[in-house]
Amino acid sequence: MDLMANTLLSAGASPAMLHTLEEIPDFTPLAHALCLNVGTLSAAWLPAMKLAADVAVRSGKPWVLDPVAAGASGFRLKACLELVELKPAVIRGNGSEIIALSKASVQPSKGVDSSHDSTDALEAAKALAQATGAIVAVSGAVDIVTDGNRVVGAHNGVAMLQKITATGCSVTALIAAFVAVDQSHTLEATAAALSVFGVASEIGMSMANGPASLRMHLIDSLHGLDENAVISRVKITSFCEEK
Ligand SMILES: Nc1ncnc2c1ncn2[C@@H]1O[C@H](COP(=O)(O)OP(=O)(O)O)[C@@H](O)[C@H]1O
Ligand SMILES: Cc1ncsc1CCOP(=O)(O)O
Ligand SMILES: [Mg+2]
């Protein structure tokens, strides 16, 4: 939650985090986008998540799902499948999470970390996007973004991001902020958020000595990013052209 909120603040967004069911009807309509993250899911939190998704959709606000460890337990998988029914604009997970969600089955799992490359989940991501109408993003060495038809690859980033907990959660939150700006270009906004986060990590890595200092420099770099750095460094390609 710390890294997610600080990522959003550094990027110029204004995060608010809540769990309480009673607050959702007042609070959720104030947001320009909603991010639901099942990382530390409990049975008590799930009704608030479902209500928040419902209020967001009824308020015309996009919402983004991070299906953390979706295939690691039956409870988590069922919860994620129920949330997917509530029309997320974007689903962002790692390869193992997107495969589990797409197959709707509990999978041999490392837990919150992926045992698959993003490219292993390409067909699963396309099928999930087609079945749900959501943009599906699979993070990894190359981030894949698809609407079930178009597929783009976002190439920025550093492998050490995997050694900092909640970088996946944080980039999902950043996607929500980007999608809030222009709901008519959800795929482009998703690829842009993944790329900007990746560029910030590359700049941060040039000053870092390991995961803890990368965490700090990532936030500083995101805060200091300018248009020139983004335009000169972002690498987004049509995924088919890479083959
Ligand atoms: N091998 C890699 N090389 C470069 N960037 C990576 C690599 N693996 C993950 N990332 C980046 O790390 C961030 C978190 O992704 P990931 O580790 O896949 O998510 P999660 O933490 O949900 O498992 C994303 O911005 C992704 O692009
Ligand atoms: C370690 C951990 N345990 C439950 S949620 C969580 C964080 C997962 O974050 P990310 O998917 O971004 O690595
Ligand atoms: Mg994750």
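Residues numbered from 1 in each chain as written. Chains lettered and ligands numbered in written order. Predicted model: local features only at pLDDT ≥ 70, side-chain atom pairs only at ≥ 80, totals over all residues. Heavy atoms only, no water.

(A) Up close: the packing of helix H1 (residues 2-10) against helix H7 (residues 167-181). In the contact formed by H1 and H7, the axes pass within 8 Å of each other and the chain directions differ by 40°. Where H1 crosses over H7, the handedness of that crossing is right-handed. Facing Leu 3, Met 4, Thr 7 and Leu 8 of H1, the residues of H7 in contact are Thr 167, Cys 169, Ser 170, Ala 173, Leu 174 and Ala 177. (Axes fitted to C-alpha atoms, helices over the stretch in contact; angles between N-to-C directions. Helix = DSSP H or I, 4+ residues; strand = E, 2+ residues; numbered from the N terminus. Left-handed = near helix turned anticlockwise from the far one by under 90°. Contact = heavy atoms within 4.5 Å.)

(B) The arrangement of the site of ligand 2 in detail. Around ligand 2, the surrounding shell consists of Gly 39, Val 112, Thr 165, Ala 166, Thr 167, Gly 168 and Cys 169. At 2.8 Å from an oxygen atom of ligand 2 is found a main-chain nitrogen or oxygen belonging to Cys 169. Alone, ligand 2 offers 370 Å² of accessible surface; in the complex the protein occludes 71% of this. Of the residues belonging to the shell around ligand 2, the class tally is three nonpolar, four polar and no charged. (Near = heavy atom within 4 Å. Polar contact = N/O pair within 3.5 Å; in protein donor to acceptor, adjacent residues only side chain to side chain. Areas by Shrake-Rupley, 256 points an atom, 1.4 Å probe, with all protein chains shown as cover. Nonpolar A, V, L, I, M, F, W, Y, C, P; charged D, E, K, R; others polar.)

(C) Up close: helix H6 (residues 122-132). When we look at burial in H6, the residues that qualify are Leu 122, Ala 124, Ala 125, Leu 128, Ala 129 and Thr 132. One face of H6 carries all of its buried residues, which in axial projection span an arc of 160°. Facing away from the buried surface of H6 by more than 90 degrees, the exposed residues are Glu 123, Gln 130 and Ala 131. Buried-residue contacts for H6 involve helix H4 (74-84), strand E3 (90-94), helix H5 (95-103), strand E4 (135-139), strand E5 (143-146) and strand E6 (151-154). Positive backbone phi, approximately 80°, marks Gly 133, located one or two places after H6. (Buried < 20%, exposed > 50% of the residue type's maximum accessible area, 1.4 Å probe, protein only. Arc of directions from axis to C-beta.)

(D) Highlighting the site of ligand 1. Lining the immediate surroundings of ligand 1 are 15 residues, of which Arg 92, Asn 94, Ser 139, Asp 143 and Val 158 lie closest. Between an oxygen atom of ligand 1 and a side-chain N or O atom of Asn 94, the distance comes to 2.9 Å. For ligand 1, a nitrogen atom lies 3.5 Å from a polar atom in the side chain of Gln 162. Within the complex, the protein chains bury 87% of what would otherwise be the 540 Å² of accessible surface of ligand 1.

(E) Up close: the side chain of Asn 94. Residue position: Asn 94 is located in strand E3. A distance of 3.2 Å separates a polar atom in the side chain of Asn 94 from the backbone nitrogen of Ser 96. Aside from chain neighbours lying at most four places away, what touches Asn 94 is Val 112, Asp 113, Ser 114, Val 138 and Ser 139.

(F) Representation of the confidence of the model for the protein chain. On average, residues of the protein chain carry a pLDDT of 97, and 98% of them reach 70 or more. Here the predicted complex scores 0.98 on pTM and 0.99 on ipTM. (pLDDT = per-residue confidence, 0-100.)

(G) Up close: unusual backbone geometry. One non-glycine residue with positive phi stands out, namely Ala 69, at about 55°. Mapping Ala 69 onto the fold places it in the loop between strand E2 (63-66) and H4. With relative accessibility at 5%, the residue Ala 69 sits in the buried group. We note that Lys 87 has phi near 65°; this positive angle belongs to a residue other than glycine. Inspection of the secondary structure assignment puts Lys 87 in the loop between H4 and E3.

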